[in-house]
Amino acid sequence: LYRFNGSFKLRKDFYLRLLKKIDKSNNRIWITNAYFLPHRSFIAALKQAATRGVDVRILVPKHSDVFFYPWVVRSIYPGLIRSKIRVYEYRDSFLHAKSVMIDDFHFLGSSNLNHRSLIHDYELDVILTHSRSHQKMQAQFREDLSKATEITVSALKSRSAFERIVSAYFYLLRYFL
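All values reported here derive from a predicted model rather than from experimental measurement.

The strand order across the open sheet formed by eight strands is 1-7-6-5-2-3-4-8, and the pairing between neighbours is mixed. Every other strand in the sheet has two partners, leaving strand 1 (2-4) and strand 8 (148-150) as the edge strands with one partner each. Taking the axes of each pair of neighbouring strands and ignoring which way they run, one obtains an average angle of 20 degrees across the sheet. Direction of pairing for strand 6 (residues 105-109) relative to strand 7 (residues 124-128): antiparallel, over a ladder of four bridges. Within strand 7, the residue paired with H106 across the bridge is L128. Strands strand 1, strand 2 (28-33), strand 5 (98-102) and strand 6 of the sheet are contacted by helix 1 (residues 8-23), whose axis makes an angle of about 140 degrees with strand 6. Contacts from helix 6 (residues 131-145) reach strand 2, strand 3 (55-61), strand 4 (86-90), strand 5, strand 6, strand 7 and strand 8, with the element oriented near 65 degrees to strand 2.

Next comes the structure, spelled out in structure tokens:
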């Protein structure tokens, strides 16, 4: 199956479906996203899932083709980590993947989890429906995590004041990114 978001209505409908799937999740929410900066409602849904005991993991690039993007994303790490969401930065090379696994719902494609993708960008995703595809996607996620560094509370505390200020500044501009 595929999903094309050729209109604002299609983008909004898919976003709402995604939020419902997160709200009903029981086991896992594993996300790989090159430009992870979702709306607050998405972050709140992830936090609620983690509070319910769902295994929520987010894999983002340590370095990006948009030089300031990692700085922006790092501004949301503290809230995610305090909510028991595990955050990883892929360190080996450039990461541009976009995939989501919510229990038995898996998709990958071009959708970024950010404001721009939801409102403006045309995206195409493939929804995987076979268990063998799910297993391969989960194995790839685990392999990618082996090439990533988990962000911890102590790592967050060791960030410089400069980095925290720059992250906060770019976060204010998140809807334009």
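Following the structure, the description resumes.
Working note: α-helix, 3.6 residues per turn, so residues spaced by three or four point in the same direction. In this model helix 8 (residues 161-172) runs 17 Å from its N-terminal to its C-terminal C-alpha over twelve residues, within 8% of the 16 Å that 1.5 Å per residue would give. Along helix 8, the residues classified as buried are E163, V166, S167 and F170. Seen end-on, helix 8 carries its buried residues on one side only, within an arc spanning 100 degrees. For helix 8, the exposed residues lying more than 90 degrees away from the buried face are I165 and L172. Structurally, helix 8 contributes buried residues whose contacts are with helix 3 (69-74).

Thresholds applied
- Residues numbered from 1 in each chain as written.
- Predicted model: local features only at pLDDT ≥ 70, side-chain atom pairs only at ≥ 80, totals over all residues.
- Heavy atoms only, no water.
- Pairing = 2+ DSSP bridges.
- Helix = DSSP H or I, 4+ residues; strand = E, 2+ residues; numbered from the N terminus.
- Axes fitted to C-alpha atoms, helices over the stretch in contact; angles between N-to-C directions.
- Contact = heavy atoms within 4.5 Å.
- Expected span 1.5 Å × (residues − 1).
- Buried < 20%, exposed > 50% of the residue type's maximum accessible area, 1.4 Å probe, protein only.
- Arc of directions from axis to C-beta.

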